[in-house]
Amino acid sequence: MTLKEQIPAGAKKIAGLRPTRHRILVYLTIMGPGLIAANAGNDAGGIATYSSAGASYGYSLLWMLVLITFSLIVVQEMCARMGAATGQGLSDLIRENFGIRWTVLVMLCLFIANTGTIASEFVGIAASLELFGISKYLSVPIVALILWSLIVQGSYKLVERIFLAMSLVFLGYIGSAFLAGPNWGEALRQTVVPSFSFDSGYLTMFIATVGTTITPYMQLYIQSSVAEKGVTMRDYPYERADVIMGSIFSNTIAFFIVVCTAATLFVAGIHVNTAADAAKGLEPLAGPYAETLFAIGLFGASMLAAGVLPLATAYSLTEALGFEKGVSRSFEEAPVFMSIFTALIIFGAAVSLIPGLPLIQALIVVQVLNGVLLPVILVSILKIVNNQEVMGEHVNGPLQNVIAWATTIAVSGLSILLVVSNFAPGLMGT
Amino acid sequence: MNVPQIVRGRWLCPLGEMPYNILVTMYSNPHNNTQTFEPTWPANPAINEEMLFLSQLIGQPILDKQNEKIASIKDVIVRIGTQTYPPMSGLVARASGRDFFIPISQIQSLDERGAKLATYSVNLQPFARRDGEVLLGKDVLDKQLVDLNGRRVIRVNDLQLARADGEYFLAGVDVGAQALLRRLAPIALFIKMPGHQIIDWADVEYFASDAPAVRLKVSHDRLAKLHPVELARIVESLPYAQGTEIVESLDDQTVADALEEMTEARQADFLEAMEGDRAADVLEKMAPDEAADLIGALPEDKAEQILELMEAEESAEVKQLLSYPEDDAGGVMTTEFVAVPQQFTAQETIDYIRAMEPKPDLIYYVYALESRDDNRLVGVTSLLDVILAPPKTRIADIMNREPLTAKPDESDEDIARTIAEYNLLALPIVDEANHILGIVTVDDALDIVLPESWRQRLPKIFS
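Anyway, here's the lowdown on the structure attached to this text. (Residues numbered from 1 in each chain as written. Chains lettered and ligands numbered in written order. Predicted model: local features only at pLDDT ≥ 70, side-chain atom pairs only at ≥ 80, totals over all residues. Heavy atoms only, no water.)

**Observations concerning the overall build of chain A**
In terms of helices and strands, chain A carries 20 helices and zero strands. Looking at chain A as a whole, 59% of its 430 residues qualify as buried. Sequence-distant contacts, at least 24 apart, represent 83% of the contacts inside chain A between residues at least 6 apart. Split by element, the accessible area of chain A, about 15900 Å² in all, is 71% carbon and sulfur. (Helix = DSSP H or I, 4+ residues; strand = E, 2+ residues; numbered from the N terminus. Buried < 20%, exposed > 50% of the residue type's maximum accessible area, 1.4 Å probe, protein only. Contact = heavy atoms within 4.5 Å. Areas by Shrake-Rupley, 256 points an atom, 1.4 Å probe, with all protein chains shown as cover.)

Listed below in structure tokens is the structure:
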């Protein structure tokens, strides 16, 4: 479906009256969550992971980036569809369909994964501001306080667009990839021909890439966003287009980050250990300004996620567990919500201030955690989306089930491999 | 403070910790009909021990008369719809991988240790769903319901059963966090963990759509008594199926009032989901300006269909309003106002207002027209002045001859500013020839100037 077919040709009039805004209105309000959710994969952890993947393993992970785009589309589409069919968030549906024990397990996984991700966003904020020469011991507490008060006062939405615009800097990777003069033949070959290794470093990077591309919180975000906007199955085709375009867009950027760093850092034998190393990927495009540009993008992307994640996590937990589920409540009237939200920000900021924390490695560890916990979320999603009592006629088709189950099984298998390779490396014969 | 505590211990344990005022009401008049608890209250302190929670029952053994375990409790069945407190009609029993139905008549006793059957031989019928019956574990536990007293959506963490007159009833919903902990903790810790936050089942609204497997008769009339703003918030925050169930069950006027308080996108969703006739009926009950905005947000074919189904008069008004762009004065004005020929007397004016149908939501000004056949605006007076004037006074004699007016193509923000500046409650909109077309009222003006974020309290994070 092309863009032109989705927007009705001109706004016609009802019997010569006011132009109907309906279709355009629907399109404009619906467009976005899919894009934002998928783009959240390109946050601090994402940039660090993709940069490291390219720097350490060259083009050899490109093939999985293509495959995982399909997985991402299918997973995000299922969640958007659940939101549009039921009007409920993912945590609500899990609670209503799996009972309390499984809900608590899933929420625990989500809580751990999201807490790690929040910490990683603050690590990204710290790293980006250190590129400007600002000490993290100064910047992080201030930024955390500003972020907290912006959200509590409800004015976060106003600055969100600024952060979004800043993160668009990463589009520069596309230009940079071309200017870096990569070996396109080799890059294309590795994109089409899969390769694999049982090396634990490689496995770690593999899972981290999966974890950062399909992060559990992206599924929560897309579904809550669809439900909160009141998107129904009647308007769903627009939402699906948004999800597909958003996933392709964000993974395209990821693809070029890998190409960029493979063409610059991998050939020079540099591993990414600091944000300054990662910034070198932008040098072919920006030359001496690469670090500044990288810092701006990293700051915007980290702030974007650091704002939404604590809120989204607090919402999911309180909704699933039934605390303070009220419709017209202010922050003051919701102490549990407020405590979770505040604690997450404080914790995230505190982690990023640990002296001597290896920033890039810390970011990647969080993505590995996301990847390992992903199967729990995926199994829950698949069971609900195939439940006719919940979804009615909107259950999965066979192709969606094949891709989603293949993803789930592959990610689970990889997680087990990773654990085995770390604790019993002898078994792998490496 | 002693009185309610005694009450709580002796009489009211089955309902747990209820709000203080209800306790007092019930104590002072145990047979008070307003409390609609149908079973009579046994004045027996022992009832304390017969207070049961669903989470205590599920998984417990079912013993026959010789104390041999024949199955375990899988779920509890209650009959919903006829009584305020749904009576228990039986258990779903699980044995050798199959589900059986055990009617309440075969059960001799039921407590947290399990169920004991009254008979030696038990006839295990295979379990099948029946209309009017819900499974507490499957259809109620963990679902979202509406607490009518608290005017909020709640999540069911546990369910409280009470015994009265030898029968078991669903008495309340536990929404407390401790209930969750109890369900997670091992049985041994379970009993020792106190703390309930019970909402009386009489104050709870259950939804037929929570139990899609059976047909239920559930009335939502009590929701119609909520303020439209509260009703709208509740409908918006419920899942689509439950929101639609409410909208389908309420009368046109209540739905119209609630719709007016929702976001345009949700209004359009609900209206699109309705049958054309129903949508037309609901729109007729809405203020014309709101109806016009809503129709403007619908897809073209649906909008045309609904306009055709509406009464001629209402659809003409809406069509007229639709001819103005949304953000101009014409787009925000309403066509419901009081205008009389200037020759009318005060008494005639009051009679006219009495006879008006439907009456405008807000009558503060009475607009004076040139004559019966000529609706050029010549003056304005307040309803207060009309009432205070001697009955035979002509409107022309008490009216202000230079009313402030605006044109339909002026921007809505200018209109709002004028209303604020001149402390008006409404501003008439007139065409080039000074014919009155409608008025913009102060509440619409507030909507125009107030930032969106002031109107919703909890920040929306995802959209």
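**Side note on the nonpolar core**
Judged by nonpolar contacts, the single largest core of 129 residues is most densely connected at M82(A), F122(A), Y173(A), F294(A) and I381(A). Here the element with the most residues in this core is helix α16 (residues 290-321) of chain A; it accounts for 17 residues. What M82(A) contacts, discounting residues up to four positions off in sequence, is G87(A), L90(A), L93(A), Q223(A), I381(A), I384(A), V385(A) and M391(A). If you look at the next biggest cluster of nonpolar residues, it comprises 66 residues, including I246(B), L271(B), A291(B) and I436(B). (Core = buried A, V, L, I, M, F, W, Y, C linked by side-chain atoms within 4.5 Å.)

**Here we look at the pairing of strand β7 (residues 114-117) of chain B**
Residues and elements named next belong to chain B. In the sheet, strand β2 (residues 61-63) pairs with β7 via two bridges, with the strands oriented parallel. Pairing of L63 across the sheet is with K116, part of β7. Where strand β6 (residues 107-111) and β7 come together, four bridges link them in antiparallel fashion. Note that in β7 the partner of D111 across the bridge is G114. With antiparallel pairing between neighbouring strands as the criterion, β6 and β7 make up a hairpin whose turn holds two residues. (Pairing = 2+ DSSP bridges.)

**Some remarks on the packing of helix α10 (residues 264-273) of chain B against helix α12 (residues 288-296) of chain B**
Residue and element names in this part refer to chain B. Orientation of α10 relative to α12, taken along the N-to-C sense of each, is 80°, at an axis distance of 9 Å. It follows from the interaxial angle that α10 and α12 lie roughly perpendicular. Across the interface between the two elements, E264, Q267, A268 and L271 from α10 touch E290, D293 and L294 from α12. (Axes fitted to C-alpha atoms, helices over the stretch in contact; angles between N-to-C directions. Parallel < 35°, antiparallel > 145°, perpendicular 65-115°, else oblique.)

**A word on the sheet that holds strand β11 (residues 152-155) of chain B**
Within a sheet, each strand pairs with its neighbour through backbone hydrogen bonds, oriented either parallel or antiparallel. Residues and elements named next belong to chain B. Read across the open sheet, the three strands follow the order β11-β10-β15; overall the sheet is antiparallel. Of all the strands in the sheet, the pair left with one neighbour each is β11 and β15 (204-205). Pairing of strand β10 (residues 144-147) with β11, which is carried by four bridges, proceeds in the antiparallel orientation. Following the sheet pairing, L145 is matched in β11 by I154.

**With respect to a negative patch on the surface**
All names here are of chain B. Together, E275, D277, D281, E311 and E313 give the surface a local cluster of negative charge. Inspection of the secondary structure puts D281 in helix α11 (residues 276-285). Residue classification places D281 among the partly exposed positions, given a relative accessible area of 31%. (Patch = residues over 30% accessible without salt bridge, like charges linked within 9 Å, V, L, I, M, F, W, Y side chains within 5 Å. Salt bridge = Lys/Arg side-chain N within 4 Å of Asp/Glu carboxyl O. Lys, Arg positive; Asp, Glu negative; His and termini not counted. Charge placed at Lys NZ, Arg CZ, Asp CG, Glu CD.)

**Examining the pattern of salt bridges**
A side chain of one charge can pair with a side chain of the opposite charge when the charged atoms of the two come close. With the rule as written, the count across this model stands at 24 salt bridges over all chains. Between E272(B) and R234(A) there is a salt bridge whose closest N-O contact spans 3.6 Å. Of the two residues, E272(B) is situated in helix α10 and R234(A) in the loop between α12 (216-228) and α13 (236-268); the pairing between them involves two chains. With a relative accessible area of 13%, E272(B) lands in the buried category. One continuous salt-bridge network, built from bridges that share partners, spans D92(A), E96(A) and R155(B).

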